[in-house]
Amino acid sequence: MDITPEVPSLAAEPSPGTGELFTGFLWLGLTGFGGVLPLARHMLVEKRRWLTAEEFTDLLGLCQFLPGGNIINLSVAVGLRFRGIPGALAAILGLIAAPTAVVIGLGVLYDRYADDPHIRHLFNGLAAAAAGLLVALSIKMASPLRTRPVAIAFASLCFVAIAILRVPLLPTMLTLAPLSILVAWRLAR
Amino acid sequence: MTPTLVALMVIFTQLSLLAFGGGATILPEMQRQVVDVHHWMSAQEFGALFALAQAAPGPNMMIVPLVGWHVAGLQGVLVTSIAKFGPSSVVTIVAASLWNRFRAHPWRPVVLAGLAPVTTGLVCSSAALITQASVQTWSLGLIVLGVAAAASRTRLHPLLLLAAGAAFGLTGIGQG
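Residues numbered from 1 in each chain as written. Chains lettered and ligands numbered in written order. Predicted model: local features only at pLDDT ≥ 70, side-chain atom pairs only at ≥ 80, totals over all residues. Heavy atoms only, no water.

**Structural notes on the overall build of chain B**
If you tally the helices and strands in chain B, you get seven helices and zero strands. Ordering the α and β elements of chain B from the N terminus gives α-α-α-α-α-α-α. Dimensions of chain B, computed from the C-alpha atoms along their principal axes, are close to 60 × 45 × 25 Å. Every one of the 176 residues in chain B was classed for burial, and the buried ones make up 54%. Across chain B, every contact between residues at least 6 apart in sequence was considered, and the portion connecting residues at least 24 apart equals 59%. Split by element, the accessible area of chain B, about 7,100 Å² in all, is 68% carbon and sulfur. (Helix = DSSP H or I, 4+ residues; strand = E, 2+ residues; numbered from the N terminus. Buried < 20%, exposed > 50% of the residue type's maximum accessible area, 1.4 Å probe, protein only. Contact = heavy atoms within 4.5 Å. Areas by Shrake-Rupley, 256 points an atom, 1.4 Å probe, with all protein chains shown as cover.)

Given below as structure tokens:
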């Protein structure tokens, strides 16, 4: 057993093994509908106490900074912290195993019944609703930029390149991201 | 590996490393590759797969294995998942090990401030392209507007809004 003296500000529970990491994130993947982030905080900080609130915020800050999904990166970072590479693997596999199975099941149903007019109507409605959620997300992300004309200009340039001209993502990112960062740096001085 | 699996691997590895700001930012490029470049599906089918992935639990990246399944079955699921989740995880592992060194670095907030407009532009592009692909009739346009308004102004659960959209669609109103 662990013989290090207890530090009150740290997470109170003993560190999880690979099995616990897998099942913890498996549960998160199964129950997280429409946004896993609040649930992830609940599980990691309050329920299982693998992280303190500060550690959670700190790790999330790192994961938001990196490419890839926040929660997926967070699972890797948490697994790595407790059990190294095997822990990272256990955590990410736990997180995506169940949703992958569910989504493929839905895909099979869609392929089988796509010719039925009722099912087609239902899926059309579902697809329109999913588009509506994306529109809402765009509004939510764009509204903090309202008062920053330079940011609006970069967002608009990106929109024209990607959505209208259909320029590939790689050259768009390689051009706009460094320019936008450079301008942010000049403005911050 | 078949040429299709190799193409899937190349596409999703690139998407993995370019996905700054979450899953919605890479939808336009994913759509461009699988619809316009490789003709594996129509834009409308891509919109349907995106909708299915949104109805499933878990991280909002679940369109990745679904595209793999649609294009190349179980092998496609494995290839797209490893290509999409592998490289960004390696970056996370390396960065987490170095985190203490650049946590308080002065350029971190600058980079974040610079990336924000670009990721916003990408998410707006996703919304425009997915809306364009999924609205074939006025009634489906109404669903987009209704869900967008409800999601922006209320705290209704996204799953509830998806169910409401599906239920309205099931009535077949305006869909011929």
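Next, the rest of the story.
**What to know about the overall build of chain A**
Helices and strands together make up the secondary structure of chain A, namely seven helices and zero strands. Ordered by position in the sequence, the α and β elements of chain A form the string α-α-α-α-α-α-α. For chain A, whose C-alpha radius of gyration is 21 Å, the value lies well above the compact-globule estimate of 16 Å for 189 residues. By principal-axis analysis of the C-alpha atoms, chain A measures approximately 60 × 60 × 25 Å. Out of the 189 residues in chain A, the part that is buried amounts to 45%. The long-range share in chain A, meaning contacts at least 24 apart out of those at least 6 apart in sequence, stands at 51%. Total accessible area on chain A stands at roughly 9,600 Å², and carbon and sulfur atoms take up 68% of it. (Rg over C-alpha atoms; globule rule 2.2 N^0.38 Å.)

**Description of the interface of chain A and chain B**
In this complex, chain A contributes 77 residues to the contact, which on the side of chain B involves 93 residues. On the chain A side of the interface with chain B, the three residues burying the most area are A:Phe65, A:Arg166 and A:Leu169, jointly 10% of the side's total. At the junction of chain A and chain B, the tally comes to one salt bridge. Note that B:Asp36 is salt-bridged to A:Arg166, the shortest N-O span being 3.4 Å. Between chain A and chain B we count 10 residue pairs in polar contact (both at pLDDT 80 or more) in total. (Buried area = accessible area lost by both parts, 1.4 Å probe. Salt bridge = Lys/Arg side-chain N within 4 Å of Asp/Glu carboxyl O. Polar contact = N/O pair within 3.5 Å; in protein donor to acceptor, adjacent residues only side chain to side chain.)

**Remarks on the packing of aromatic side chains**
Residue and element names in this part refer to chain A. Evaluation of the coordinates by the stated rule reveals four aromatic pairs over all chains. Between Phe25 and Trp50, the aromatic rings sit 6.4 Å apart at their centres with planes inclined by 45°, giving tilted as the arrangement. Of the two residues, Phe25 sits in helix H1 (residues 18–31) while Trp50 sits in the loop between helix H2 (37–47) and helix H3 (53–65), which places them 25 residues apart along the sequence. Here the two residues Phe25 and Trp50 agree in accessibility, since each one is buried. Plain terms: the ring middles of Trp50 and Phe82 are 6.5 Å apart, the flat faces sit at 65° to each other, and that makes the pair edge-to-face. With a gap of 32 residues between them, Trp50 in the loop between H2 and H3 and Phe82 in helix H4 (residues 70–113) connect regions that are remote in the sequence. Here Trp50 falls in the buried class, since its relative accessible area comes to 6%. Grouped by ring-pair contacts, the aromatic residues Phe25, Trp50 and Phe82 constitute a single cluster. (Phe/Tyr/Trp six-rings, centres within 6.5 Å; stacked < 30°, edge-to-face > 60°.)

**A closer look at helix H6 (residues 138–153) of chain B**
When the terminal C-alpha atoms of H6(B) are compared, their 22 Å separation across 16 residues agrees well with the 22 Å that a helix rising 1.5 Å per residue should span. Burial in H6(B) covers these residues: B:Ser139, B:Leu140, B:Gly141, B:Ile143, B:Val144, B:Val147, B:Ala148 and B:Ala150. In this structure, the buried side of H6(B) is in contact with helix H5 (117–142) of chain A together with helix H5 (107–134) and helix H7 (158–170) of chain B. (Expected span 1.5 Å × (residues − 1).)

**Brief notes about the pattern of salt bridges**
All names here are of chain A. If you walk through the whole model with that rule in mind, you get four salt bridges over all chains. For Arg81, the salt bridge identified is with Glu55, shortest N-O distance 3.3 Å. Taken together, the positions of Arg81 in helix H4 and Glu55 in helix H3 put the pair 26 residues apart, joining distant regions of the chain. Since its relative accessible area comes to 42%, Arg81 is described here as partly exposed.

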